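If you want the building blocks of each chain, they are given just below.
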Amino acid sequence: MEAYLCPNCKTNRSRFNIIEQRAKSVKINPKTGEVEVEYTDNNLDVFHTPYNGPAKKIQCGSCGLIENEQSFIAYANHNRLS
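Residues numbered from 1 in each chain as written. Predicted model: local features only at pLDDT ≥ 70, side-chain atom pairs only at ≥ 80, totals over all residues. Heavy atoms only, no water.

Participant: Quick rundown of the overall build of the protein chain? Include the residues and the values.
Facilitator: Helices and strands together make up the secondary structure of the protein chain, namely 1 helix and 5 strands. Ordering the α and β elements of the protein chain from the N terminus gives β-β-β-β-β-α. Overall size of the protein chain, expressed as C-alpha extent along the three principal axes, is 55 × 25 × 15 Å. A buried classification covers 17% of the 82 residues belonging to the protein chain. (Helix = DSSP H or I, 4+ residues; strand = E, 2+ residues; numbered from the N terminus. Buried < 20%, exposed > 50% of the residue type's maximum accessible area, 1.4 Å probe, protein only.)

Below you can see the structure in the form of structure tokens.
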């Protein structure tokens with residue numbers, strides 16, 4: 001695990017929410033919004049792009065900012081504690 005520092009409030013180094021993302025690929029009915037097909041990585045159709053975003057995001061427990069984990073790590077690395 002790496003140190004975090006919020007790039008927004010610039011003071012929080014200890015209180016965070018780790019949001020683990022799990023993508024679910026679906027095809028929905030445009031009129032009803034009901035799920036018609038639930039895809040797996042092995043059966044995506046030709047017109048469906050697989051999810052390629054981050055596995056987790058971080059939320060600052062002080063100001064509420066939600067960003068990619070790398071933003072919090074990079075800010076902490078740039079502003080190290082002595």
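Moving on, there is more to tell.
Participant: Now, about the sheet that holds strand S5 (residues 66-68): what can you tell me, with residues and values included?
Facilitator: Strand order in the open sheet formed by 3 strands is S1-S4-S5, with antiparallel pairing between adjacent strands. For this open sheet the edge positions go to strand S1 (16-20) and S5, each flanked by a neighbour on one side alone. Sheet twist, expressed as the average angle between the axes of neighbouring strands with direction ignored, equals 30°. Judged from the 3 bridges that link them, strand S4 (residues 56-60) and S5 form a sheet pairing that is antiparallel. (Pairing = 2+ DSSP bridges. Axes fitted to C-alpha atoms, helices over the stretch in contact; angles between N-to-C directions.)

Participant: Quick one: what's the story with the packing of aromatic side chains, residue by residue and with numbers?
Facilitator: All told, the structure shown has 3 aromatic pairs when counted by the stated rule. An aromatic cluster is built from Tyr4, Phe16 and Phe72, whose rings are joined through pairwise contacts. (Phe/Tyr/Trp six-rings, centres within 6.5 Å; stacked < 30°, edge-to-face > 60°.)

Participant: Break down the pairing of S4 for me, citing the residues and quoting the values.
Facilitator: Pairing between S1 and S4: 5 bridges, direction antiparallel. By the bridge assignment, Glu20 is partnered in S4 with Lys56. Turn length for the S4-S5 hairpin, with the two strands adjacent in sequence and antiparallel, is 5 residues, and the turn residue Gly64 shows positive phi of about 90°.

Participant: Summarise unusual backbone geometry; cite the residues concerned and give the values.
Facilitator: Phi is positive for Lys10, close to 65°, though the residue is something other than glycine. Within the element layout of this structure, Lys10 appears in the segment before S1.

Participant: Please give an account of the pattern of salt bridges that cites residues and values.
Facilitator: Pairing between side chains becomes possible if they bear opposite charge and their charged atoms approach one another. This structure, assessed with the given rule, holds 2 salt bridges. The salt bridge partner of Lys56 is Glu69, with a shortest N-O separation of 3.5 Å. Taken as a pair, Lys56 in strand S4 and Glu69 in helix H1 (residues 69-78) lie far apart in primary sequence, 13 residues in all. (Salt bridge = Lys/Arg side-chain N within 4 Å of Asp/Glu carboxyl O.)

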